[in-house]
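Tertiary structure, described
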Amino acid sequence: QVQLVESGGGSEQAGGSLRLSCAASGYTYRTYCMAWFRQAPGKEREGVAAFDRGRAVEFYADPVKGRFTISQDSAKNTVYLQMSSLKPEDTAMYYCALTVGLCGGSWYNRMNYNYWGQGTQVTVSS
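Quick caveat, the model's predicted, so the values are computed rather than measured.

Conventions and cut-offs
For every chain, the first residue of the written sequence is number 1, and numbering continues from 1 onward in sequence order. It should be noted that, the model being predicted, local features are given only for residues of pLDDT at least 70 and side-chain atom pairs only at 80 or more, the latter also being counted only at that level, while totals for whole chains, interfaces and linings use all residues. Only hydrogens and water are set aside when side-chain values are computed; all heavy atoms of the structure are taken into account. Helix and strand assignments come from DSSP, with helices taken as H or I runs of at least 4 residues and strands as E runs of at least 2, each series counted from the N terminus. It is over C-alpha atoms that the radius of gyration is taken, and the globule rule equals 2.2 Å times the number of residues to the power 0.38. Contacts are assigned to residue pairs with any non-hydrogen atoms lying within 4.5 Å of each other. Relative accessibility decides the category of a residue: with a 1.4 Å probe and only protein chains considered, values under 20% of the type maximum give buried, values over 50% give exposed, and everything between is partly exposed. The pairing criterion for strands is at least two bridges between them, as found by DSSP. Stacked, edge-to-face and tilted labels apply to pairs of Phe, Tyr and Trp rings (six-membered ring for Trp) whose centres lie within 6.5 Å, assigned for plane angles under 30 degrees, over 60, and everything in between, in that order. Our definition puts a charge over a ring when NZ of Lys or CZ of Arg is within 6 Å of the ring centre and also within 35 degrees of the ring normal.

**Re the overall build of the protein chain**
Counting its regular elements, the protein chain contains 0 helices and 11 strands. The linear arrangement of helices and strands in the protein chain, starting from the amino end, is β-β-β-β-β-β-β-β-β-β-β. Scaling as 2.2 N^0.38, a compact globule of 126 residues should have a C-alpha radius of gyration of about 14 Å, and the protein chain matches this with 13 Å. When the backbone C-alpha atoms are referred to their principal axes, the protein chain occupies close to 40 × 25 × 25 Å.

Structure below.
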């Protein structure tokens, strides 16, 4: 059974930084796509960034390009989301998700992911 556990959320002022972690367990896949999504109150869940384990390729949504960085520590089965230059509009619940195989062109589509974490809250104040 695949399990994803997020941590690292919290409150930060605009312009600050936070690092989220997603610890994965219970799988043996060598090719998978691990992504971060976020959902603000009253809004749809949206893809933020993804890491393609098979090709070592990163994907980013336009609102976070240049500010967020996704990375992986394969030895720890952990994916990180380093968030810098935070803005109030980054406030949301952040989720990590996993799907077997390559990320593909629609990595940002939540329907493509089979496994989800419970989420961690990020709040950015102005």
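Read on, since the account is not over.
**Observations regarding the environment of Met93**
Relative to the helices and strands, Met93 resides in strand S9 (residues 92-100). Look past the residues within four positions of Met93 in its chain and what remains in contact with it is Phe37, Arg38, Gln39, Gly119, Thr120 and Gln121.

**A few points about the pairing of S9**
Among the 9 residues that make up S9, 7 are buried, leaving the element largely enclosed by the rest of the structure. Looking at chain direction, S9 and strand S11 (residues 120-125) are connected through 3 bridges and run antiparallel. Bridge pairing in S11 links Met93 to Gln121. As defined by bridge partners, S9 adjoins strand S10 (residues 115-116) across 2 bridges and the pair is classed as antiparallel. When the bridges of S10 are listed, Ala97 appears paired with Trp116.

**Remarks on the packing of aromatic side chains**
Enumeration over the complete set of coordinates arrives at 7 aromatic pairs. Judged by centre distance (5.2 Å) and plane angle (80 degrees), the ring pair of Phe37 and Tyr113 falls under edge-to-face. In this pair, Phe37 is assigned in strand S4 (residues 32-39) and Tyr113 in the loop between S9 and S10, connecting sequence segments 76 residues apart. Exposure remark for Phe37: the relative accessible area of 0% places this residue in the buried category. Overall, Tyr113 belongs to the buried group, its relative accessible area being 6%. Aromatic side chains Tyr113 and Trp116 sit 6.2 Å apart centroid to centroid with 65 degrees between the ring planes, which places their arrangement in the edge-to-face category. One aromatic cluster in this structure is built from Phe37, Tyr95, Tyr113 and Trp116. The ring of Tyr95 carries Arg45 above its face, with NZ or CZ at 3.8 Å from the centroid. Over the aromatic face of Trp116 sits the side chain of Arg45, whose NZ or CZ is 4.9 Å from the ring centroid.

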